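Listed here are the chains, written in short residue letters.
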Amino acid sequence: MTGGGHATGRITPRVIIDPALPEKIQHLIREAPPRDLHIDLSARGRWWMPRRAKRLHDVRRQYVLSSELTKDARRLVGRADWAAHEVLASEMHDRGLIDRQRNEVSVPAQVWEIADALREYSRLVQTGPEASEDAQVAALLDTRRRALQRSVDGIERRVIALEEYASKVAEADRQYLKLRETRQAADRLAADSDAVLDLLARTARDDLAVAEIEGMAGEAAAAAAAALEAAHEAAVIALPLPHKTA
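Residues numbered from 1 in each chain as written. Predicted model: local features only at pLDDT ≥ 70, side-chain atom pairs only at ≥ 80, totals over all residues. Heavy atoms only, no water.

(A) Representation of the overall build of the chain within the structure. Scanning the chain for helices and strands turns up seven helices and three strands. N-terminal to C-terminal, the α/β element order of the chain is β-β-α-α-α-β-α-α-α-α. For the chain, the proportion of its 246 residues judged to be buried stands at 27%. Partitioning the intrachain contacts of the chain with sequence separation of at least 6 by distance along the chain shows that 66% fall at a separation of at least 24. Summing over all exposed atoms, the chain offers an accessible surface of approximately 16,800 Å²; the carbon and sulfur share of this is 57%. (Helix = DSSP H or I, 4+ residues; strand = E, 2+ residues; numbered from the N terminus. Buried < 20%, exposed > 50% of the residue type's maximum accessible area, 1.4 Å probe, protein only. Contact = heavy atoms within 4.5 Å. Areas by Shrake-Rupley, 256 points an atom, 1.4 Å probe, with all protein chains shown as cover.)

(B) Fine view of the environment of L162. By the secondary structure assignment, L162 is in helix α7 (residues 135–238). On the basis of relative accessibility, which here comes to 8%, the residue L162 falls in the buried class. Between the alpha carbons of L162 and A83 there is a distance of 6.2 Å; along the sequence they are 79 residues apart. With sequence-adjacent residues up to four places away left out, L162 is seen in contact with A80, A83 and V111.

(C) Region of interest: the side chain of T12. Here T12 shows up in the loop between β1 (2–3) and β2 (15–17). Judged by relative accessible area, which is 17%, T12 ranks as buried. A polar contact of 2.5 Å, which involves the side chain of T12, links it to the backbone oxygen of R74. For T12, the residues in contact, after removing those within four places along its chain, are S66, R74, R75, V77 and G78. (Polar contact = N/O pair within 3.5 Å; in protein donor to acceptor, adjacent residues only side chain to side chain.)

(D) The arrangement of the pattern of salt bridges in detail. Evaluation of the coordinates by the stated rule reveals 15 salt bridges. A salt bridge links R60 to E68; its shortest N-O distance comes to 3.1 Å. You'll find R60 and E68 in the same group, each marked buried. A salt bridge links D142 to R146, with the shortest nitrogen-to-oxygen separation between them at 2.1 Å. On the criterion of helical spacing, the pair formed by D142 and R146 is a turn pair, its members being four residues apart in helix α7. You can call R146 partly exposed: its relative accessible area is 42%. (Salt bridge = Lys/Arg side-chain N within 4 Å of Asp/Glu carboxyl O.)

(E) Region of interest: the environment of E156. Looking at the element boundaries, E156 is found in helix α7. Through-space distance from the C-alpha of E156 to that of I114 is 8.7 Å; in sequence the pair is 42 residues apart. Excluding its chain neighbours within four sequence positions, the residues that come into contact with E156 are L76 and R79.

(F) Up close: the environment of R123. One can find R123 in helix α6 (residues 100–127). Look at R123 and you get partly exposed, because its relative accessible area is 41%. Here the alpha-carbon distance between R123 and T70, two residues 53 residues apart in the chain, equals 8.3 Å. In this structure the side chain of R123 is engaged in a polar contact, spanning 2.7 Å, whose partner is the side chain of E120.

(G) The confidence of the model for the chain, seen in detail. In this model, the chain carries an average pLDDT of 81, and 72% of its residues clear a pLDDT of 70 or more. When pLDDT is averaged over each helix and strand of the chain, the minimum, 54, is found for β1 and the maximum, 96, for strand β3 (residues 63–65). Scored below 50 in pLDDT, residues 4–9 shows 11 contacts in the model against residues more than four places distant or in partner chains. (pLDDT = per-residue confidence, 0-100.)

(H) Structural detail: the nonpolar core. Grouped together as the largest cluster of nonpolar side chains are 26 residues, with contacts concentrated most on I16 and L118. For this core, the secondary structure elements donating two or more residues are α4 (71–88), α6 and α7. Broken down by element, this core gets its largest block of residues, eight residues, from α4. Apart from the residues lying within four places of it in its own chain, the contact partners of L118 are L69, A73, L76, V77, V152 and I155. Of all hydrophobic cores here, the second largest spans 13 residues; its members include I25, A32, L37 and L56. (Core = buried A, V, L, I, M, F, W, Y, C linked by side-chain atoms within 4.5 Å.)

(I) View of the side chain of N103. The topology assignment puts N103 in helix α6. Accessibility expressed as a relative area gives 2% for N103, which makes it buried. Beyond its immediate sequence surroundings of up to four residues, N103 is in contact with V87, L88, H93, I98, P108 and Y165.

So, in structure tokens, the structure goes:
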């Protein structure tokens, strides 16, 4: 689908590739230095062209360079590429919870068709005259500009539709993650339920132990009081009687 750039950001990729090309050719395009990708199509048939350049030349219509696009076209391609990445990198797609096979075919194809249309739009914008002093020519140019604007508006609607799809997939991802976290928490609680019951049983034993300890404490206090009384009595017996004076 793309080559270079930052897939996770809304930055226009360096090159957008027709996903119908064999992967080997897509890899060749992605790895080629920029100077090799800027091929003059009028060079067709030059037998002296190096093999790699010829292979790139033969598929020149099947990749779009960001440098070929106008500024507004580059922004639209960047948005489309970002939306496609969000869909194809989602949990819903990865786990097959949405139509994975259709996404893998349709989503890159959408980005390619958007980029290809924007290349033609950019060519027409860049090659057309900007103004004319002749009233009739000026009117024709104005009609041309309006037609180009309608065309790019139509392409933008397609980009927006792709972004809305990506947004729905992202929301489904969030809901799926929330459900998974809830289930994991429930599983942890279920796993801990036996331990909780054991803890409750220990609490009951603790209540019994408290009663036992309190009884023992009472017995110890009674024994201490008895011992104190006995010691007092022993001390009284041991004391000599006082002498009576005449």
